[in-house]
Amino acid sequence: MGVHSIFLTDAFARCLAEFSEQYPSTTLRVFEGYSSQLLGRLQQGEVDFACCAIPSEEEHGGTLLTEPLGTLNYSVVAAANHPVFDDIAKGRPISEYRWVEFDTAIVGAFPGRNDIVSVMATAGRDVARKSVRTASMDVIRLLVLSGDFIGLIADERVAEELASGALKRLPGTEVTASQFGFVSMAENFETSACKALREILEKSAFEPMRKAHSSGT
């Protein structure tokens, strides 16, 4: 299977362990990547299904089967004690802070890229003193947690830190980029093992995510 890096969480790992217990004779190969990479692997027959952003029907022309599971949500976040929040609270223009951000090519691939660029600008990106660009959400998370950086990141990757108060969202920076879900080739036959893995992932990894989003709206 292919999986977007956003979903490589502890819950995802537990799902793989549960599947391995149920199907001990099955070798599971997991490929990490961004949606465009995973869809390419799917079309080349390298994976049975992918969990990633769902392309529109106009893009795939009916060649794919899709099962939406939720939405990909992003926010601009910083450590709770970051001085940017003092700027906001006192109504001052946001100062020149350090940013960590996605590579331009990755941002350009987001369905909600115009909203994302606008949100980053209002959060002070245009006056940033220095920035780090990376394809890794783990790097973004670690730099933001260090306390010095502001960054745009998927909510799922910092859910625990937001809940504990270690990180805070900059007000008004929430963006819904696209739907995510399971994607497979319409012409392929689904094995019982693939079906079981999808069911485990939906129940244990993605259902809690959907509940968290619905309770927060």
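Not measured: the values here are computed from a predicted model.

### Thoughts on the nonpolar core
Alright, step 1. If you look at the biggest cluster of nonpolar residues, it comprises 48 residues, and the most contacted ones within it are Phe 7, Tyr 74, Leu 201 and Phe 206.
Alright, step 2. Residues Leu 39, Val 47, Ile 54 and Val 183 belong to the second largest nonpolar core, which totals 11 residues.

### A closer look at the pattern of salt bridges
Alright, step 1. Going through the model one piece at a time under the given rule, you end up with 11 salt bridges.
Alright, step 2. Between Arg 92 and Asp 86 there is a salt bridge, and its shortest N-O distance comes to 3.0 Å.

### Remarks on the packing of aromatic side chains
Alright, step 1. Here the structure, examined in full by the defined rule, presents three aromatic pairs.
Alright, step 2. Judged by centre distance (4.8 Å) and plane angle (45 degrees), the rings of Phe 7 and Phe 180 are tilted. Of this pair, Phe 7 sits in the loop between strand S1 (2-4) and helix H1 (10-22) while Phe 180 sits in strand S9 (residues 175-185), and the two are 173 residues apart along the sequence.
Alright, step 3. The exposure class assigned to Phe 7 is buried, which follows from its relative accessible area of 3%.
Alright, step 4. Centroid distance Phe 19 to Tyr 23: 5.1 Å. Interplanar angle 20 degrees. Geometry classified as stacked.

### Observations regarding the pairing of strand S4 (residues 64-79)
The two faces of the sheet receive side chains in turn, since in a regular strand these alternate between them.
Alright, step 1. Bridge count for S4 against S9 is 10 bridges, and the pairing is antiparallel. Within S9, the residue paired with Leu 65 across the bridge is Ser 184.
Alright, step 2. Sheet topology places S4 next to strand S7 (residues 149-154); four bridges connect them, and they run antiparallel. By the bridge assignment, Val 77 is partnered in S7 with Gly 151.
Alright, step 3. As paired elements, S4 and strand S8 (residues 167-169) share three bridges and run antiparallel to each other. Paired with Val 77 across the two strands is Arg 169, which belongs to S8.

What counts and what doesn't
Residues numbered from 1 in each chain as written. Predicted model: local features only at pLDDT ≥ 70, side-chain atom pairs only at ≥ 80, totals over all residues. Heavy atoms only, no water. Core = buried A, V, L, I, M, F, W, Y, C linked by side-chain atoms within 4.5 Å. Buried < 20%, exposed > 50% of the residue type's maximum accessible area, 1.4 Å probe, protein only. Salt bridge = Lys/Arg side-chain N within 4 Å of Asp/Glu carboxyl O. Phe/Tyr/Trp six-rings, centres within 6.5 Å; stacked < 30°, edge-to-face > 60°. Helix = DSSP H or I, 4+ residues; strand = E, 2+ residues; numbered from the N terminus. Pairing = 2+ DSSP bridges.

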